Every structure is written in C-alpha cells, then in structure tokens.
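# Structure at a glance
Each chain is listed here by its residues.
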Amino acid sequence: MSINITIKNAVKKYGDTVIIPDLSLEIKEGEFFTLLGPSGCGKTTLLRMIAGFNSIEGGDFYFNDTRINNLDPAKRNIGMVFQNYAIFPHMTVRGNVAYGLKNRKLPKEEIQARTDEFLKLVRMTEYADRMPERLSGGQQQRVALARALAIHPDVLLMDEPLSNLDAKLRVEMREVIREIQRNIGITTVYVTHDQEEAMAVSDRIAVMSGGVIQQVGTPRQLYQRPSNLFVATFIGHTNVLNGRLYRNGDESGILVSNAKIPMNNLDRNAGEQPVAVSIRPEEFVITDKGDGVLRGVVEHSTFLGLNTHYQVRLQTGEKIEIVQESSIDDTIATGAEVSLGIKTGKINVFAEGGAVSLIDGGVPS
Amino acid sequence: MTEIRRRPLDLWQAVSIAIMLIYVLFLIIPLFSILKESVVTPDGEFSLQYFAKFFGEAYYLRTILNSFKQSLATTFFALLIGTPLAYLNSFFEIRGRSVMQILIVISSMSAPFVGAYSWILLLGRSGLITKFMWDVFRIEMPDIYGFGGVVLVLTLQLYPLVFMYVSGALKNIDNSLIEASQNLGVGPFKRFFQIIMPLSLTSILASAMLVFRRALADFGTPLLIGEGYRTFPVEIYKQYVGESSQNHSFAAAISVIAILITTIVFAVQKIASNKFSYKINALYSIERKKAKGLLNAVIHLYSYLVVLIGIMPQVYLIYCSFRKTNAFGNFVDGYSLDSYKRAWSFVRTALPNTLMIGGIAIATVVLLSILIAYLVVRRPNALNNIIDTTSMLPYIIPGSVVGIALVITFSSGPMILTGTIAIMIIAMCIRRIPYTIRSSVAILQQIPITTEEASISLGASKLKTFFKITTPMMASGIVSGAILSWVTILTELSASIMLYSAKSQTLTLSVYVFISRGTDGAACAVATILTAFTVLSLAIFMKVSGKRDIIL
C-alpha cells in the first residue's frame, strides 16, 4: 500500500538556529521524489523529520490523512536506507532482512518466504548466510534496500544511499534502485547532493537551499526552465552574464556583452531592467562565418571525446564556457577569434539578484 | 484527520534516575560522610583540629612529601626503563618478542605488595641473594627496606605501563612519515628527535602521569617494604586500623587531604594531555629492522634483562611455593606441597569469595557502564551529564579512601553492610567503573547512530533496539575491557583491606594475611594461585579481543 505525503509549514530549529523556516510540500503516491541541494541545505533534516528521527518544531506532516508528527518512528511503517548502510554487523544478511519482519511478529514461514523474495529482488540470495563484514559496499547497500523493503513499508526513505560507493557502482546501483522502485510502485523520498544522480532516478525533484525549496519539478523543467538563478547554476553547468532587458515597440530582448539579442518568450509584464542571463555551454553555437551575435577569443580548449570544451573570452572581458560536439579535425586553435550564435529559445533570463525568472511559461512535464 | 500520540513515559529517564540514586547512595553519601567525619569531634562539634594536627606536625606532613618523593622517583625510573624498551621493541627485531610482551604484561598485573614481598624474600635481611652474596663474597647488599625498596618495586611494577603506552603510540606512527623524512634528507639520529620523539611525547606524558598516580595511591608496597618510610595511604590505614590507637576522624581528615592532592594531580594531567595531543593513525606501521653486531647484542641484553628482572618476583614466589616449610611456615631445605595444604583452609573460603566478589562486581560494572555510556552518548541531558561527571569521581579517590568512606557510611544507620561480601563488591564496582565507562563511551561513539535508527524504522522499540542492536555491537569491546578489570579486582588490596572480615576474605587478602603472620610458604602458594588466575584471565582476554597489547 502506497501513500502520499503532505507537509504543511514545517519548521525545524536547533536551539535558536532555524534550519527550515517554513516548508510545504506534496509528494504523490508511488512517486520517486528527490530532495536535492548542497550540503547543509536541510534536505537530510527534512527526511529525518519524515522518518521521525528529528523533532518537528512546527507545521504538520501527513501520511495520507494521518498526522504523524507525534507518531513513534517505529510505528510509521517506513523503510529507510542510510548513507552508511547501517547494516547490523552482528547478524547475517538473512538476519538483517528478517529483522523488521520478526519485529512484526509474522509467522516463521512468512518471514522465510519474504526474506527470500527480497533477497532475490536485490540479487543477494547466494550471500544470505554471510556476515556483513564480508560484503562489499554495493552488496551491503543491496542488503539495506532489501531490509527496508521487506517490511512492505508505506514509504521508502533514502538518505544519500550511493555516496559511499565508487563512481561506477553508483551508476549501477541507481539503476537497480530505480528499477525496483518502479516495480513495487512505492512512494519514495530520496536525498542526494548529486544532481546527475537526482536527474537519473527521479520523477520529480525539489531543489533546496538554506532550508527553502527553490523549485519543485521534473528533471526536464529544472534543467530547461529553472525558476531562479540558484537552480540554474546548481542543476548542470551554466554561464551567467549580466545584461539588460530592453523593449523597443513590439520587439523585446536582452543586451549582453555589447550585443542585442531579440527574444520572443520574455515575460510580457517585465519592463526594462538589469538582468542575469543564464546560457548553458551547449546553448552557444560557434560559427566561422562571422554571423554570430557575440565575438570572442578562444583561450583554452579541452578535447573530451564526444564533446570539446572551449573557454572563450568575450570582447567585454567576461569568460564563458562552450561545449560543442567534436568532429574530425575541427578543434579551434587557441587565440583564434570566433563568432558566437545563441539558441535564444533555450536560454533563461532572471531579474537582477536571480530570484525571479523573466521567461514566459515553462515546459510541459 | 486522525492523530496518533507517542507514549509520554520514557523508560530511559527512569534508568537515569535509578543510576543517579545508586551513585548518591554509594558514592556521594560516603564522600560526604568522610568529609563530615573529618571535621566533627567525637563530641559532635565542628572542628578543624584534625587538619590542624596534620599540618602542624612535621611527621604527618612528611608522609605527603614521602608520597611525592616515591611517585616522582618511580615515574623517573619507569620512564628511564620503559621508554627505551618500547623504542627498541618497535624499531628492531627482537627474538621472542611476543613472549616478551606477554611477560611484561604479566609482571604489571600482580598486586604490587606481592612484588614487594618477593623482593624481601630475595633481597631482605635473610633474603636469598643477600645471604648468597654474604656467604660467598662477603658482600653486604644494600638495604632493601625504605625508600629504595619502594621505588625498586614500584618501578618494576609500573614500567610496563610506559612500555605499553609508548609502544602503542609508535605503532600509530605511519611508516610514510619515516620515509618522507628520509626523502627530505634527514638522517636517523635527527629523525628520532625531530619526528618520532615529538609524535610519541603525548603517550610518554600520559604514561608518566598514570605511573605517577598509581605510585601515589599505592598502599601495599610502602606498607610492606617501606618500614619507617611512611606515605599518606599507609598513614590513613594505620590511623584507621590503629595498631596503637584508632582515630577515625584523623584518618578521615587525611583522606580528605588525599582526595584534594589526587584531584590536583588529575587536573594537571588533564591540562597536560589536552595541550600535547595529536591524533595520529598509521596505515602502515614502522617496519622493524634487524640490528647488526654489537648493537644487536646490546638491544637483546637490555630487553631480556629488564623483562627478566620484572618477572623475577613472581617466578621466585612460584618456586618458593613448592619449597618445604617448617611448622611455622618458614622455608627449609627440600620440596613439598605442604604450603598448599596449609593455605587450603584459607583458599577454601577465599577462592569462592574472590570469584563471587569479582564476578558480581564485573557483571554490575559492565551493566552499569553500558547503560551509562548509552545515556551519556545517545541521550545527553542535564541529569545524564551529572551522571557522567559523577561516574568519573572514583578516578581521583585512592582505594584506601574508598574503603574508609564505605566503612564510615555503612557501619551504622539504616544500611549496615560492614563485614559483608556486599560491601566488598560495592568497593570493587566503585574502583573499576570509571575505566569501563570510558571504554564503553568510546566504543559507543564509534557506532553510528543510524544503525539504531535502522532498527527503529524496522519497527523495533527503543528498548528492543538497545538490547538487540546496541548491546551486542558494544559487547566484544566491553568484554575484553571487563576481563582486564577482573584482573585488577583479583589483585585489589587497598580498599578491601579496610573492608574485609573473615567472611569476605579474598585470595589477595589471604596472601597479605599470610605475609603479615610470617607464614611464607602459604603466602607463596596463594600468590601462585593468584598468578595462575591472572595468566588464565589474560589468555582469555587475548583470545576474546584478538590483541596482544593491553592498556589499563
């Protein structure tokens, strides 16, 4: 049985320090929902409030219609996976997975059957009788996942479950997690600081900073139409240029680096004002015909196989990063003058300070 | 919308309160009793006359001076012997190293007064070596009694602490530090003084402080071998037991002064250890090299000599236990098991007593330590912080003072415990509990809290989590610590000598009683049994913990 989670005006304080000032959130049934943000943004704190390991200083937490603020963590029916796996070192793999089932006083046969089922699900059947110290990190994490899921929890909570694994295993395990979550259809709240990981596994992501949710959306929405400059810079790489929004009769656009760039998706209500323009490295086009809108000099290039990265100094002195698909024999020499086009439909414009997007509308999810 | 409430009653708060009550009853009240006793005259009036007496007479002041003299000298010699031994043992291959290490540990584990007694048998007025030297060479050996003897015995008893601490520190110096200094062109001599010395200084200081405190509080050695050389723990005992006249109030006053002194020493140690501490950890320990030629011979000679002299008292006692004795228990030529037969009447009650007192005390200490560690680490609050501080109090209270405090408190009033086995158990618990708590706290701090949270999220209650997850994870570390506590309880004298009765005699006390009666053979026999138990316990410790080094 899966549930939806509603958080209304949550407050978290440690003494006088406010970690989360006022946070509301709706997590849908069966959804893979990720809390993403830099360390110290309050994402783990929020997760632990849902789990019941952190006290709640204000607001209401609901599982479906049940308020859980004062419910004992042992009774919330939550499956939790921890960053350090938190495998019980004095029990076998089977003992770990069966632990939650024994606490529920299930009949022996059912415990056995369910333990087997979930060990099989995470492909750990052959290690069932091993002690945890003889397992690798990835295997321990699989056991932790099986242990959390075996109790048929209403919610699966995962706190940076992959951050202790090496890069290759991280990619492999996130596929495993995603696949199992989809098969079971359990509401999942996942915490990570790794935006690529978040993009890879999530249905929706909440980007957090300073205890405040900056934006909630699908990976595509966050990347393509970030609602503020923080999200734009935190998700993926981007170049931020200072500019000005101009209006000239029906025409509107932005002025950056001495160039006038007309745009057709700016917020109708936004008047002329200073702006911050976010242009991702792949939203530039280097042209050799001199028909671009900006001019610059290549300072450095890095060939990375599929793509080549260029560091370009604009005429006004600003340095930008550009990514182009590599093709045979075309790496542009250092010191070469280049002309740059911009894919204006993709770039994002924010009011000065970066808090408000001046782009009209978003992308469908 | 429905709401589910958490139960308001928390079991752990009840545990906190229970533990606090135990401390109040068996530690705080006894300490206050001793303080009260020291400032109240038999007529029930407040008076500082006992303190005035202590500070007014040169004789009593000298006991403190003597204690410091004995501790300083012991610390100096223990460092002088133990530090080089640790360095040599860590940097050079020495044949039979593991046997050597075990012998060093064993020599530190016997009761100090047993060592003193053995040295009297060897070097005393009618000692083996004394007689031999006189008969054969007409050489008069220097007097073993007094200051020299005390320092000799304590040094040989306590140098193993220096050895173990410094060896531990050297083990944590990463070989790459040596290689880096080599790489930077620093020769072996300079390297020793610039890298190795500073990095092991913390441990040298820590061990020096420990040796100092042990020597300061030791009671059996100066009692036995000191003769006219009186130290304050002996003075407390003499005043309390009173060969000529008993003076409980005066004993209490000296106890209060003793606590003040040990508190100052403890504070100095704290400050020093905070100032000079590095955190180092080695991935690869320094490799031992094989020394060549003369150096190799000197290294081996030195190491073997120190270890052999250290273990000699115990070996000699074992030997003596099999010698024939006359009707008075004095040695005559030939061998027999008479001493064991003679000792049997004592051992018959002392052995079960020892096992019972030690067993119950250890079980209590372990249980309380686990609970207190959990409260302190996982549930810090005002009350638990007070418990934490209180539980460290026994660190600074000399054993004999623990004994007197308990006697004063529980010889009258609603709870009369004097002469019972219970009061012995309480004393042992008080003496050992700070050590076990410290190690339990350290172990629990290593266990990530998420392991317990995982258990709770899987539906286990907090109590169930504590018993099923926390306790088993702490167990192995605590059990090995408990075995070491067990050994020290086996050989405890200073508190138990104040508390024992015919009913609650222990093996260690039996040795003491036999010695004071002059029945040498039986004393040796019981000491041998005690050594056997110690060695057995150490063997179990090594088996359980899988390690060879022991830090008490």
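Residues numbered from 1 in each chain as written. Chains lettered and ligands numbered in written order. Predicted model: local features only at pLDDT ≥ 70, side-chain atom pairs only at ≥ 80, totals over all residues. Heavy atoms only, no water.

## Some details on the interface of chain A and chain B
Rules: Any pair of residues with heavy atoms lying within 4.5 Å of one another is described as a contacting pair. Put simply, buried area is the surface a 1.4 Å probe can reach on two separate parts but cannot reach once they are joined, added for both. By definition here, a salt bridge exists when the distance from a side-chain nitrogen of Lys or Arg to a carboxyl oxygen of Asp or Glu is within 4 Å. For this analysis, a polar contact is any N or O atom pair within 3.5 Å, provided that within protein one partner can donate a hydrogen and the other can accept it, and provided that sequence-adjacent residues contribute only side-chain to side-chain pairs. Put simply, DSSP marks the helices as runs of H or I at least four residues long and the strands as runs of E at least two long, and each gets a number from the N terminus on. Note on residue categories: nonpolar means Ala, Val, Leu, Ile, Met, Phe, Trp, Tyr, Cys or Pro, charged means Asp, Glu, Lys or Arg, and polar means any other residue, Gly included.
Each side of the interface is counted separately: chain A has 28 residues, and chain B has 23 residues. Summing both partners gives a buried area of about 2,400 Å² for chain A against chain B, and 59% of it is carried by carbon and sulfur. For chain A, the biggest contributors to the area lost against chain B are N70, H90 and Y99 of chain A; these three give 22% of the whole. Between R48 of chain A and E453 of chain B there is a salt bridge, and its shortest N-O distance comes to 2.5 Å. Taken together, the links from chain A to chain B amount to six residue pairs in polar contact (both at pLDDT 80 or more). Contributing elements (two or more residues each) for the side of chain A that touches chain B: β5 (66-67), β6 (78-81), α2 (93-103) and α4 (137-150) of chain A. Top contributing element to the side of chain A that touches chain B by residue count: α2 of chain A, with three residues. When the residues that make up the side of chain A that touches chain B are grouped by side-chain class, the tally is 16 nonpolar, six polar and six charged.

## Observations regarding the environment of S336 of chain B
Residues and elements named next belong to chain B. Basically, it comes down to this: Accessibility here uses a 1.4 Å probe with only protein chains present; expressed as a share of the type maximum, an area under 20% marks a residue as buried, one over 50% as exposed, and anything in between as partly exposed.
Counting through the fold element by element, S336 comes out in the loop between β3 (331-335) and α14 (338-378). Its relative accessible area of 14% is what places S336 among the buried residues. Between the C-alpha atoms of S336 and L80, which are 256 residues apart in sequence, the distance is 40 Å. Not counting residues within four places of it along the chain, the set of residues in contact with S336 comprises S321, F322, R323 and K324. A distance of 3.0 Å separates a polar atom in the side chain of S336 from the backbone nitrogen of D338.

## So, helix α21 (residues 507-517) of chain B
Residue and element names in this part refer to chain B. Most of α21 sits out of view: nine of its 11 residues are buried. Buried within α21 are the following residues: L507, T508, L509, S510, V511, Y512, V513, F514 and I515. Just downstream of α21, G518 is the residue with a positive phi angle, here 80 degrees.

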